[in-house]
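Structural overview for review
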Amino acid sequence: MNKLLLVVERDIRLFFQYKFLIIIRAIWFVSQIALFGLIASRMVYVQGIDYFRYYVAGLSVMTLYSAAVFIGFDIYEEAEHGVFEYLLSLPVSRRQLVLGRSIGGGLRSFIYVGPLIALSLYVIGSLNPLGFLIALFALFLFSFGVSGMSITIAVMIKSSDRFDILMGVLDALIVRLSTAMYPLAVVQAANPLYGGVASFNPVTFATDLFRWGAGVTLLDNPLLPLLGIVAFFSLFTLVGVILYEQHIEGGGWQ
Amino acid sequence: MKGILHILEHDFRSFFRYKWWLVGLISMNLADLFIMAIVYNYMISSEVKITSYFDFFAPGLAVTGLFASAFMIGREINMERRREVHHYMLSLPMTRLELAIGRVLSGGLRGMLYMSPLLLTCFIFLGFPTVWQLLLILAVLFLLATGISGLSIAIAVSTSSLEKFITARGLVYYTLFFCSSVFYPLSLIQQLGSEGKFPAPLVTLAEINPLSNASDMIRSFLMPDYTSFSLISIVNVFIFSVVFTLGAAFAYMKIIERT
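Residues numbered from 1 in each chain as written. Chains lettered and ligands numbered in written order. Predicted model: local features only at pLDDT ≥ 70, side-chain atom pairs only at ≥ 80, totals over all residues. Heavy atoms only, no water.

Details of the overall build of chain B
The condition that has to hold: Secondary structure elements are defined from DSSP: runs of H or I of at least 4 residues count as helices, runs of E of at least 2 residues count as strands, and each element is numbered from the N terminus. Each radius of gyration is computed over the set of C-alpha atoms, and the globule rule expresses the reference value as 2.2 Å times the number of residues to the power 0.38. Three exposure classes are used, based on accessible area relative to the maximum for each residue type with a 1.4 Å probe and protein chains only: buried under 20%, partly exposed in between, and exposed over 50%. Contact between two residues is taken to exist if any of their heavy atoms lie within 4.5 Å; hydrogens are not considered. Every accessible area reported is derived by Shrake-Rupley at a probe size of 1.4 Å, with residue values counting cover from the shown protein chains alone. Counting rule for charge: Lys and Arg are taken as positive, Asp and Glu as negative, and neither His nor the chain ends is counted. By convention, charge coordinates are those of NZ in Lys, CZ in Arg, CG in Asp, or CD in Glu.
Looking only at helices and strands, chain B has 11 helices and 0 strands in total. Overall, chain B shows an N-to-C arrangement of helices and strands of α-α-α-α-α-α-α-α-α-α-α. Computed over the C-alpha atoms, the radius of gyration of chain B is 19 Å, within 12% of the 18 Å expected from 2.2 N^0.38 for a compact globule of 259 residues. With respect to the three principal axes, the spread of C-alpha positions in chain B is 60 × 40 × 35 Å. The proportion of buried residues among the 259 residues of chain B is 57%. Partitioning the intrachain contacts of chain B with sequence separation of at least 6 by distance along the chain shows that 81% fall at a separation of at least 24. Approximately 11,100 Å² of chain B is accessible, and the part contributed by carbon and sulfur atoms is 67%. Of the side-chain charges in chain B, 18 are positive and 15 negative, and the distance between the mean point of each set is 10 Å.

Below, the structure is given as structure tokens:
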């Protein structure tokens, strides 16, 4: 357990070394609220929704997603600089190493996004206390799941170029084909295929729960998106751990 | 002149080394157009003078693509400076001016090359302009691309580390993208400004922003009901281009010799 915590601590410390990246993400977040969110809310009309508050809530989940994905880039950085071999030589079992990385990846993104979520709650100006606690728990699982997904893809591909493009494309699709920026009914009206994908997208589950917790929108049955998040978390944490364990040795990184 | 051509060739070869990055960028651009813009079509308020957000956004997307790809030259120059490759560049048998102009021009031309499929997509969906309009669009976009390339080079040579360059780039990106008419009509920004909900300097920035001017110029040809052609927009882009092309060439010549 102690060794697992050491792996988690290392990943958290590593993340906070990227000061400029953290600053840039924070600038992006604030400019999205103060510029894009404010102006776009004048351009858009959706019955029964204050689009500004709706967008700000979605933005928090988008930021959490992009911070959690970053663990995959760290893995390439380590492979490129030969740190992988050092990690393998540590008196930590493979399973502890893998699990620690997944937890560390999720936890650090959550620590980073915490103040931004607080800012977005201030801007939104409302809260459903019990719902928010459930949403927070779901966001925890979501960030672990995204980290697990990033680790899974990184160790399967073992090529930083391909990983870079795949994560770019995935980010473009997973965020846009979700309810992060627009309600599901509108996505379905625009294109049933887009609506179908958005209905089963973990980003949709996370944003819907967060908006419900923040008192932005209502949710008929919060249990369904929560179960979706649990399934996403379990799948990628489990698969990530197994694949990382299998691929960690033998090199082959490009 | 021959020296400039060699620099162009060198920088184009480097550009194609980032093929994965380019494929990623173009897929994100297309996802913005074919997913986000299509969904936004269904949310546009009747009070806004836009009938189709897809049509409105397509010219803006071509301009954002041009911006992102023309800006890439700055990252390469920053990397050359950090890895001290600029000593090799300075040892090449060409004048400093040829080297500097070559770098600015190649950044702009690479932006034009990347933007071409996005502009073509825009024409396919919105209709083709006349030959004179097309020539004017290409000329203005080329001026914009060289200006952006100059801006990124000026930032690259003034920042000592990649992190500082990325931070400065982010600030420029977000300010110029979001304070422009790329994503929304300029009238909305002006309206918010007149209501006191948006700072006046940012409203002015949006009005003179070359990204706004270039997007609105393309819209004036392809969507005449939305906006009319304005000569001032071309003058704005021209001034932006001259200032940053000359400024960057001068900064590049002076700063890389110093370090």
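Structure's up, so let's keep going.
Details of the overall build of chain A
Within chain A, the regular secondary structure consists of 12 helices and 0 strands. For chain A, the α and β elements follow one another from N to C terminus as α-α-α-α-α-α-α-α-α-α-α-α. With the C-alpha coordinates aligned to their principal axes, the bounding extent of chain A is approximately 60 × 35 × 30 Å. Taking all 254 residues of chain A together, 55% fall into the buried category. When the accessible surface of chain A is totalled, it reaches about 10,600 Å², and 68% of it is carbon and sulfur. Positive and negative side-chain charges of chain A, numbering 15 and 15 respectively, have mean locations separated by a distance of 3 Å.

What about the interface of chain B and chain A?
For the record, the criterion: Once two parts are joined, some of their accessible surface, as seen by a 1.4 Å probe, is lost; buried area is that loss totalled over both. The term salt bridge refers to a pairing of a side-chain nitrogen on Lys or Arg with a carboxyl oxygen on Asp or Glu at a separation within 4 Å. Any pair of N or O atoms that falls within 3.5 Å is considered a polar contact. Within protein, one atom must be able to donate a hydrogen and the other to accept it, and sequence-neighbouring residues count only if both atoms are side-chain atoms. The nonpolar class holds Ala, Val, Leu, Ile, Met, Phe, Trp, Tyr, Cys and Pro. Asp, Glu, Lys and Arg form the charged class, and all remaining residues, Gly among them, are polar.
With 41 residues of chain B at the interface, the matching set in chain A holds 37 residues. Summing the contributions of chain B and of chain A, the shared interface buries around 3,500 Å²; its carbon and sulfur component is 79%. Our count for the contact surface shared by chain B and chain A stands at 2 salt bridges. Here Glu195(B) makes a salt bridge to Arg42(A), at a shortest N to O gap of 2.4 Å. Taken together, the links from chain B to chain A amount to 6 residue pairs in polar contact (both at pLDDT 80 or more). In terms of residue count, helix α2 (residues 19-41) of chain B provides more of the side of chain B that touches chain A than any other element does, 14 residues in total. A breakdown of the residues in the side of chain B that touches chain A according to their chemical character gives 30 nonpolar, 6 polar and 5 charged.

Regarding the environment of Gly3(B)
Residue and element names in this part refer to chain B. Relative to the assigned elements, Gly3 resides in helix α1 (residues 2-17). Put simply, Gly3 and Thr95 are 92 residues apart on the chain and 7.8 Å apart in space, counted from C-alpha to C-alpha. Excluding residues that lie within four positions of it along the chain, Gly3 makes contacts with Met94 and Glu98.

A short note on the confidence of the model for chain B
All names here are of chain B. For the record, the criterion: Scored from 0 to 100, pLDDT records how confident the predictor is in each individual residue.
For chain B, the average pLDDT comes to 88, and 99% of its residues sit at 70 or higher. Mean pLDDT in chain B bottoms out at helix α4 (residues 86-91), which sits at 82, and peaks at helix α10 (residues 210-222), which reaches 94. Reported for the predicted complex are a pTM of 0.86 and an ipTM of 0.85.

Details of the packing of helix α6 (residues 94-124) of chain A against helix α7 (residues 129-157) of chain A
All names here are of chain A. Where we set the bar: Interaxial angle, 0 to 180 degrees, is taken between N-to-C directions of lines fitted to C-alpha atoms, where a helix line uses only the stretch in contact. Relative orientations are named as follows: roughly parallel for angles under 35 degrees, roughly antiparallel for angles over 145 degrees, roughly perpendicular for angles from 65 to 115 degrees, and oblique for any other angle. The crossing is said to be left-handed when, going from far helix to near helix, the turn is anticlockwise and less than a right angle, and right-handed when the turn is clockwise.
Packing of α6 against α7 leaves a shortest axis separation of 8 Å and a crossing angle of 135 degrees. In terms of axis orientation, α6 runs oblique to α7. Here α6 runs over α7; the crossing is right-handed. Where α6 approaches α7, its residues Arg101, Ser102, Ile103, Gly105, Gly106, Leu107, Ser109, Phe110, Ile117 and Leu121 are matched on the opposing element by Phe132, Leu136, Leu139, Phe140, Ser143, Phe144, Ser147, Gly148 and Ile151.

Some thoughts on α1(B)
Residue and element names in this part refer to chain B. Put simply, the test is: Any helix carries an expected span of 1.5 Å times its number of residues minus one. Regarding the arc, it is the one traced by the directions from the helix axis to the C-beta atoms.
The terminal C-alpha atoms of α1 lie 23 Å apart, and with 16 residues this matches the ideal 22 Å at 1.5 Å per residue to within 8%. Taken as a whole, α1 has its buried residues at Gly3, Ile4, Ile7, Leu8, Asp11, Ser14 and Phe15. When α1 is viewed along its axis, its buried side chains cluster within an angular range of 140 degrees and face the same direction. Facing away from the buried side of α1, by more than 90 degrees, are the exposed residues Lys2, Arg13 and Arg17.

Considerations on the packing of α2(B) against helix α5 (residues 96-126) of chain B
Residues and elements named next belong to chain B. Interaxial distance between α2 and α5 falls to 11 Å at its minimum, and their mutual angle equals 20 degrees. Comparing their axes, α5 and α2 come out roughly parallel. Seen along the crossing, α2 lies across α5 with a hand that is right-handed. Contacts from Leu22, Leu25, Ile26, Asn29, Leu30, Leu33 and Phe34 in α2 reach Tyr114, Pro117, Leu118, Thr121 and Phe125 in α5.

A word on the nonpolar core
Rules: Among buried residues, those of type Ala, Val, Leu, Ile, Met, Phe, Trp, Tyr and Cys that are joined through side-chain atoms within 4.5 Å constitute a nonpolar core.
Counting 163 residues, the largest nonpolar core has Phe142(A), Tyr40(B), Tyr53(B), Leu141(B) and Leu144(B) as its most contacted members. No other element matches the 16 residues that helix α3 (residues 53-82) of chain B contributes to this core. In this structure, Phe142(A) is in contact with Val61(A), Leu64(A), Tyr65(A), Pro202(A), Val203(A), Ala206(A), Ile229(A) and Phe232(A), ignoring residues within four places of it in sequence. Within the second largest apolar cluster, 10 residues are counted, among which are Ile75(A), Ile151(A), Val155(A) and Tyr244(A).

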